[in-house]
Amino acid sequence: MRRALAALALMALAAPVQAQRQPGDVARDLPAAVAEDRISVGSDYRGSSITVFGFNPDRRGRGDIVVVVRGPDKPAMLMRKRRVFGLWVNGDRVAFASAPTFFAVLSTQSLNIIAPAAAIRQYELDPAASAELASETPRGSTGADYRAALVRLRRAQGLYQEQVGITNDDTQGAITLYRGGLFRAVVRLPANAPIDEYQVDTYLFRDRRLISSQRTPVNIARIGIERNIHDLANQYPVLYGILTVLFALGVGWGAAALFRRS
Amino acid sequence: MIYLPIAEMPVNVLLILLVSGGVGFVSGLVGVGGGFIVTPSLIILGIPAPVAVATGLSQVAATSFSGIMTRTRRRSVDWRMGMLLSIGGMIGISLGVWLFQRLLGLGQLDLVISLLYLLLLASVGWLMLAESYAVMRGRTHRGVSILRRPARTIAHRLPFRMLFPRSGLYISVIPPLTLGFGIGALAALMGVGGGFILIPAMIYLLRMPTNVVVGTSLFQTLIVTSLLVIVQAKATATIDLVLAALLMLGGVVGAQLGARLGARLKGEQIRALLGAILIAASIKFLADVVVPPQETYVLGGAW
């Protein structure tokens, strides 16, 4: 927390220097930072949270803040259940070329008030805008149905989160505004959120226009035995399989030996 | 709570130990391998079905090895028959794992596993209930009279005959190979050892003497499940070592306790109870596919 605030102070100072405007791009100079630059997944992991700190440079505090925490994009598949001989089976497959594996968006007001629809699409501020359909949708349904279903299902898993509004009492999952333009947003990462590289984007909108933004990477990584097991299973799968079998044989042998003695 | 590195979810250690211990207890009590109880239990607990199937196998491997260790001294394994069944099993594994991967890619694997378990649990549960009911009513030998062992089965008539000295048989190699094949495929798709099919088939189809049946079945189960664990680790990366360790620890302790208590209890009552539990579990799988879903869309390929 202290480290993040220090980083923030530095950034606030350096902000005017950093402002390198690229044509058609909004300056990435919003002073914002993430308290955790690395989240460790050990054997006691039960989920975590990402805390974003930032500073709205507008003296009168005008403008709206949008914080997007996003996991890597991966292909996804969605099926609609269909009744066949009285059984509900998975039919009507639709593939998504890419969809964010984790997507949390926090905003001080409803996104439709903050930004025009075109900007929401352009900056991918809502999860449905970020999912790319790769295949034709079956008859009787539209791409929007499948997009909405994807968002609904992932929201139920806690992987997609949308939070609107501000709070003054540090409620988790909303943006807290402090005096002097400081803001803080806390995003809860459930245990089933993918273990990967995340990126945190913070946007400042004013008068339905994007003023500035900031991007900070956050790395979620396995540590200790979790990491060893996962690496072994992925890099040397045959060795991993043999080890599992040897372990099983050891346990079986041990049990038999114990059984014999008693 | 412990975080599972491959299933990528936290689970309650005590809950898994209790469940695997309970499953081990029941399998020790009744004398079955336990694969067909452990995998559906994991699925019901919320472990992704592909991980449950592949990881449950490692526990079956541990149980069958422990069984073999206590049996080989009694020279009760027909190694030649076991090898032949295992060769069939290896071919079955290749087909089973290929199907597993294909269904995983199509997003239909969970559904197929549910359907297979629905059939398996309902039929095995029903058979156990019916059999123990018959025994309790005092008609002990009715089952045997229906399945009266024929002097010569199809195994004796097919070509490519071979001598099996330990079993005292001279039969075709085709039925054991086919049997092994089917069980290998089933093991890959369902995470079961297959003893509940293999043992009756050995007695009634191959006409093996009963004293070598259990040992030989355990031997084939050990070979098939060990190989499958390695193949699944390579092909689908669905083996969770942490979960496997928990299952084995709970399973072997439970099995020991179960075997001791089982020696003192009436077999038919235990089997009736297990049959009832299996039917109850199958109803859960039935509900999954019959009850109209509230959410008609499903995510596929998450695992």
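Residues numbered from 1 in each chain as written. Chains lettered and ligands numbered in written order. Predicted model: local features only at pLDDT ≥ 70, side-chain atom pairs only at ≥ 80, totals over all residues.

A. Structural detail: the overall build of chain B. Along the backbone of chain B there are twelve helices and five strands. Radius of gyration (C-alpha) of chain B: 19 Å, near the 19 Å computed for a compact globule of 303 residues. Dimensions along the principal axes, computed over C-alpha positions, put chain B at roughly 55 × 45 × 40 Å. Relative to its 303 residues, chain B shows a buried fraction of 51%. For chain B, contacts bridging at least 24 residues in sequence account for 80% of all contacts bridging at least 6. (Helix = DSSP H or I, 4+ residues; strand = E, 2+ residues; numbered from the N terminus. Rg over C-alpha atoms; globule rule 2.2 N^0.38 Å. Buried ≥ 20, exposed ≤ 12 C-beta atoms within 10 Å, placed from the backbone. Contact = placed C-beta atoms within 7 Å.)

B. Spotlight on the interface of chain A and chain B. If you look at the interface, chain A gives 44 residues, while chain B gives 44 residues. At the level of secondary structure, the elements contributing two or more residues to the side of chain A that touches chain B comprise β5 (73-84), β6 (87-100), α5 (143-156), α6 (224-235) and α7 (237-261) of chain A. For the side of chain A that touches chain B, the element with the most residues is α7(A), which contributes 17 residues. Within the side of chain A that touches chain B, the residues separate by chemical class into 28 nonpolar, nine polar and seven charged. Where β5(A) meets strand β5 (residues 297-300) of chain B, four bridges bridge the pair, whose relative direction is antiparallel. (Nonpolar A, V, L, I, M, F, W, Y, C, P; charged D, E, K, R; others polar. Pairing = 2+ DSSP bridges.)

C. Spotlight on unusual backbone geometry. Even without being glycine, A:Arg208 reaches a positive phi, approximately 60°. Take A:Arg208: it is sitting in the loop between β13 (197-206) and β14 (209-222). Positive phi, close to 60°, is recorded for B:Arg207, a residue that is not glycine. Within the secondary structure, B:Arg207 is located in the loop between α9 (195-204) and α10 (210-235). The class for B:Arg207 is partly exposed, based on 18 C-beta atoms found within 10 Å.

D. Focus on the pairing of strand β3 (residues 48-55) of chain A. Residue and element names in this part refer to chain A. Taken together, the three bridges between strand β1 (residues 32-34) and β3 define a ladder with antiparallel strand orientation. Bridge assignment links Ala 32 to a residue of β3, and that residue is Gly 54. One ladder, built from eight bridges, connects β3 with strand β12 (residues 182-189); its direction is antiparallel. Opposite Ser 48, over in β12, you have Leu 189 as the bridge partner.

E. Focus on the sheet that holds strand β11 (residues 175-177) of chain A. The sheet built from five strands is open, its strands ordered β1-β3-β12-β11-β10 (chain A) with mixed pairing. Each of the sheet's edge strands pairs with one partner strand only, and the pair in question is β1 and β10 (166-167) of chain A.

F. Representation of the nonpolar core within the structure. Of all hydrophobic cores here, the largest spans 153 residues; its most connected members are A:Val66, A:Val67, A:Leu78, A:Leu150, B:Ala61, B:Ala187 and B:Leu228. Broken down by element, this core gets its largest block of residues, 13 residues, from α10(B). Ignoring sequence-local partners within four residues, the contact set of B:Leu228 consists of B:Leu57, B:Ile93, B:Ala187 and B:Ala188. (Core = buried A, V, L, I, M, F, W, Y, C linked by C-beta atoms within 7 Å.)

Everything listed here is a matter of geometry and, on its own, says nothing about what the molecule does.
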